[in-house]
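# Inside the fold
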Amino acid sequence: MSIRTVSTRPFPDQKPGTSGLRKKVPVFQQPHYLENFVQAIFDSIAAPQGETLVLGGDGRYYNRTAIQIILKMAAANGFGKVLVGQGGILSTPAASCVIRKHKAFGGIILSASHNPGGPKEDFGIKFNSSNGGPATETVTEAIFAKSKSISSYRILDAADVALDRLGETTLGSMQVQVIDPVSDYAGLMESLFDFAAIRSLLKGGFKLKFDAMHAVNGPYASEIIEKRLGAAPGSVMNAVPLEDFGGGHPDPNLTYAHDLVEIMYGADAPDFGAASDGDGDRNMILGKRFFVTPSDSLALLAANASLVRGYAQGLAGVARSMPTSAAVDRVARALNIPCFETPTGWKFFGNLMDANKVTLCGEESFGTGSNHVREKDGLWAVLFWLNILAVRKQSVEAIVREHWAKYGRNFYSRYDYEGLPTEAANGVMQHLRDSFAVLTGKQFGKYAVQTCDDFSYTDPVDGSLSKGQGVRILFSDGSRIIFRLSGTGTEGATLRVYLEAFEADVSRHHLDAQEALKEFIQIALHISELQTRTGRDQPTVVT
Ligand code: G1P
Ligand code: ZN
C-alpha cells in the first residue's frame, strides 16, 4: 500500500454554506472534487499525527463512495484512527455524540440534511470540531481559502474497507473501527430521560407514530422507541434508510411528512406524532390533529425542563436563531435566565454551549437541541416531549394551550420561495435595505414599523462579528417580518420570509396561524415587491 500524491487544480465553488459544502451529486462526482475539499479540510485543521477522526453520514446516494475516499485520504494524511458508523451510517447528532464521547479530534459528516437524495440530487460534507459541533466560520473560511489554492492531495492506494462488519481493520498504518452507530447515542438518551416513565406511559395505552422518512433515524428510532421504550411494533414508520429516501423529500414539516400528517389528522389518530429529517437533526412534533410550531416547541421544552431528569438542575440560559419566534424569550424572562439571539445556523450555538451560557437552543426550521451534543437533535426533542407527556399526563394540545394562556401566543409562519433567479432574489434584498429609511415609522393597518435593520451578531464568547444575517422589519408591538436568503440551497436562490405576530389575548389563541397572519403577509409582499421582482405569486413551501 502506498501513499499517492495526486496533482489537482482548484474548483472555485467550494465555499461552505450554513452547514458545510452542499452540491448536486454529479458535482461531487467530478474527478478530484471531493478529494480537493477533503484535503482542504485536513490542511486547515492541521490535526496532529495519530489523531482520531469520526466519519459517517445519512446514508444517501454517494455516501459509501465518499466514505471509502475519505478513509484512504485520512490514512494518507496521518490520522491514527477513524471511527466509522456501520454501513457508513451516523446521524448528525450521533456523530456529535461519538466525537465527544471518544474525544476525537473531529469528524466528517456526509449529509445534505433535509434535501432529497439520489444520483441527480444533493450531497454534502462538513467538518465538526472536537467539541462535536460544526466548525466555526474561521475554520470554514480557512477551508474555502485552501480550496482555492490547492495543487495536490494525498490518498492511500488500498482496497475498500468492509463497512458492514463491526470491528477493527487497518488501512496502511491507520486503524479503522466500524462502530455500532446507535449504541453511544442511545446510552446518552437513556442518561437524560426517564425511560421507565415513558415506558409506563406507553404501557398505559398512549399511542405514538414516528416517521423516520426512510432516512438515517430509522435504526435509532427503532432501537430506542420500539426496543428500549417498548412502543408497539410499527410505531416507527419508514424505518429503513434508503439512498434516495424512497423518492421523498426528507424534511419533517407539514408539507413533506405527509404520510405522518395524514395519520395524525385522520380518524383514530395516535396521541403523539413526530418525524425527523435526512440526517436526523430536525424534528416535527404533532399531537392528535395538532401541530406544534418549532418555536413553540423550544419555548415549551424550556418551560418544562425542570420535569426532566437531565435538565432538572436548571438551565444556564437559552438561545434561538434570529428568525425563530420570541416565544422562548418570555419563558427565559420568567425563569430569570439569559436568552441569546444568534444568526441562523447551528454553529453559532456552539460557543455559547461550550462557555456554559446556554443549555437549550433552537431554530424555527424544526431544529431543537441542548448541550448534550453540539448539533441539533431530532430524536432527543421527541424523547424530551415524551418525558414531559409522561410526567404531565395531558394531551399535547392541552399542554400547548396552557402554555399560550400563560405566556401569550406568537403566531408564526415561514414562506419559502425556492429556485429563484439569484439576481431577482438579491434585488428583493437590496430593495428592502434601500427602504429602511422610508419604512421606519410607517403605519400599515394596526402595525407600525419601529425599526429596520440587517441583523448582525457579535459572538459574546470570541468577539467575532457576523454581518448581513437577514433583514428585519420590527413593529412596535413586537411583531416582526424577516427576509433572508438561504445558505443551504443548491439551485438558484431561496428567499425566506419569516412572519411573527404576538397575541396576548387568549380569546384569539384558537385562530389558525395563516388566518391570524393574513394582513401581515400582505404587508410583507407589499414592502418587498417580491411578486413583481421575482414573478412568483405563490411560495414553494409554507411552514
Ligand atoms: C436552513 C435553516 C437553518 C438551519 C440550516 C441547517 O438554513 O433555515 O435554520 O440551521 O438549514 O439545517 P438556510 O437554508 O436558511 O440557510
Ligand atoms: Zn438535518
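Residues numbered from 1 in each chain as written. Chains lettered and ligands numbered in written order. Predicted model: local features only at pLDDT ≥ 70, side-chain atom pairs only at ≥ 80, totals over all residues. Heavy atoms only, no water.

## Some remarks on empty space enclosed by the protein
The tally for this structure, following the rule as stated, stands at three cavities of 30 Å³ or more. There is about 460 Å³ of room inside the largest cavity. Lining of the largest cavity is provided by 40 residues; of these, T18, S19, R22, K376 and T488 occupy positions nearest its centre. Contributing elements (two or more residues each) for the lining of the largest cavity: α2 (33–45), β6 (122–128), α5 (137–147) and β26 (493–503). Here the lining of the largest cavity takes four residues from β6, the largest share from any one element. A volume near 60 Å³ is recorded for the second largest cavity. Along its surface, the second largest cavity is lined by F291, T293, P294, E364, F366, Y412, R414 and T543. Among the residues forming the lining of the second largest cavity, the class breakdown is four nonpolar, two polar and two charged. (1 Å grid on protein atoms, 1.4 Å probe; cavity = no way out; pocket = protein on both sides within 12 Å on 5 of 7 lines; lining within 4 Å. Points joined across faces, edges and corners; volume = space filled by probe spheres on them. Helix = DSSP H or I, 4+ residues; strand = E, 2+ residues; numbered from the N terminus. Nonpolar A, V, L, I, M, F, W, Y, C, P; charged D, E, K, R; others polar.)

## Considering the environment of A257
Following the sequence through the fold, A257 ends up in the loop between β11 (236–237) and α9 (258–264). Owing to a relative accessible area of 0%, A257 belongs among the buried residues under this scheme. (Buried < 20%, exposed > 50% of the residue type's maximum accessible area, 1.4 Å probe, protein only.)

## What to know about the site of ligand 1
Near ligand 1 there are 13 residues, and of these S365, S486, G487, T488 and R496 occur at the shortest range. The side chain of E363 places a nitrogen or oxygen atom 2.6 Å from an oxygen atom of ligand 1. Here K376 contributes a side-chain N or O atom positioned 2.9 Å from an oxygen atom of ligand 1. In the complex, the protein chains occlude 98% of the 380 Å² of accessible area that ligand 1 would expose alone. Residues belonging to the shell around ligand 1 are distributed by class as follows: no nonpolar, seven polar and six charged. (Near = heavy atom within 4 Å. Polar contact = N/O pair within 3.5 Å; in protein donor to acceptor, adjacent residues only side chain to side chain. Areas by Shrake-Rupley, 256 points an atom, 1.4 Å probe, with all protein chains shown as cover.)

## Some details on the layout of surface pockets
Estimated volume of the largest pocket: approximately 920 Å³. Lining the largest pocket are 36 residues, and of these P16, G17, T18, S486 and G487 sit closest to its centre. At the level of secondary structure, the elements contributing two or more residues to the lining of the largest pocket comprise β2 (21–24), α5, α12 (347–354), α15 (422–434), β25 (480–485) and β26. Split by residue class, the lining of the largest pocket holds seven nonpolar, 18 polar and eleven charged.

## A short note on the packing of α2 against α5
Remark: α2 packs on α5, axes separated minimally by 8 Å, with the N-to-C direction vectors making an angle of 125 degrees. Accordingly, the angle class assigned to the pair α2 and α5 is oblique. Of the two possible hands of crossing, α2 and α5 adopt the one that is right-handed. On α5, the residues that touch F37, A40, I41, D43, S44 and I45 of α2 are V139, A142, I143, K146 and S147. Taken together, the residues of the contact of α2 with α5 sort by class into seven nonpolar, two polar and two charged. (Axes fitted to C-alpha atoms, helices over the stretch in contact; angles between N-to-C directions. Parallel < 35°, antiparallel > 145°, perpendicular 65-115°, else oblique. Left-handed = near helix turned anticlockwise from the far one by under 90°. Contact = heavy atoms within 4.5 Å.)

## A word on the sheet that holds strand β14 (residues 290–292)
One open sheet holds the five strands; their spatial order is β11-β10-β12-β13-β14, and the pairing between them is mixed. Here the strands that pair on one side only, and so sit at the sheet edges, are β11 and β14. Note that strand β10 (residues 208–211) and β11 share two bridges and pair parallel. Bridge pairing links F210 to V236 in β11. Across the sheet, helix α14 (residues 396–407) is in contact with β12 (272–276), β13 (283–287) and β14; its angle to β14 comes to roughly 55 degrees. (Pairing = 2+ DSSP bridges.)

## Remarks on the pairing of strand β16 (residues 339–342)
Burial along β16 is one-sided: F340 and T342 are buried, and none of C339 and E341, which face the opposite way, are. Strand direction decides the pairing type here: strand β15 (residues 318–321) and β16, joined by four bridges, are parallel. What sits directly across from V318, in β16, is C339. Handedness of the β-α-β unit built from β15, helix α11 (residues 327–335) and β16 comes out right-handed. (Right-handed = clockwise from strand over helix to strand, strands pointing away.)

## Brief notes about the nonpolar core
In this structure, F193, F272, Y311, W380, F384 and W385 are the most contacted members of the largest nonpolar core, which totals 71 residues. For this core, the element with the highest residue contribution is helix α13 (residues 378–392), accounting for eleven residues. Sequence-distant contacts of F193, defined by excluding residues within four places in its chain, comprise V308, R309, Y311, W380, L383, F384 and N387. Listed in part, the 44 residues of the second largest apolar core include V6, L21, V176 and V178. (Core = buried A, V, L, I, M, F, W, Y, C linked by side-chain atoms within 4.5 Å.)

## Here we look at the coordination of the zinc ion (ligand 2)
For the zinc ion (ligand 2), the full set of protein donor atoms is S113 (OG), D277 (OD), D279 (OD) and D281 (OD), at a range of 2.0 to 2.1 Å. Geometry at the zinc ion (ligand 2) is irregular, judged from the four donor atoms that bind it and their angles of 85 to 164 degrees at the metal. Each donor residue of the zinc ion (ligand 2) lies on the same chain, and together they follow the pattern S-x163-D-x1-D-x1-D. Separated by 164 residues along the polypeptide, S113 in the loop between β5 (106–110) and β6 and D277 in the loop between β12 and β13 bring together distant segments of the chain. Just as S113 is buried, D277 falls in that class too. (Donors = N, O, S within 2.8 Å, 3.2 Å for Na, K, Ca; no water. Tetrahedral: all angles 85-135°; square planar, octahedral: opposite > 155°, others 65-115°.)

## Some words on the environment of F105
Secondary-structure assignment places F105 in the loop between α4 (92–101) and β5. Overall, the relative accessible area of 23% leaves F105 in the partly exposed class. Sequence separation of F105 and L53 is 52 residues, and the distance between their C-alpha atoms is 5.9 Å. In contact with F105, not counting residues within four places along its chain, are I45, A46, A47, P48, E51, T52, F127, S129 and S130.

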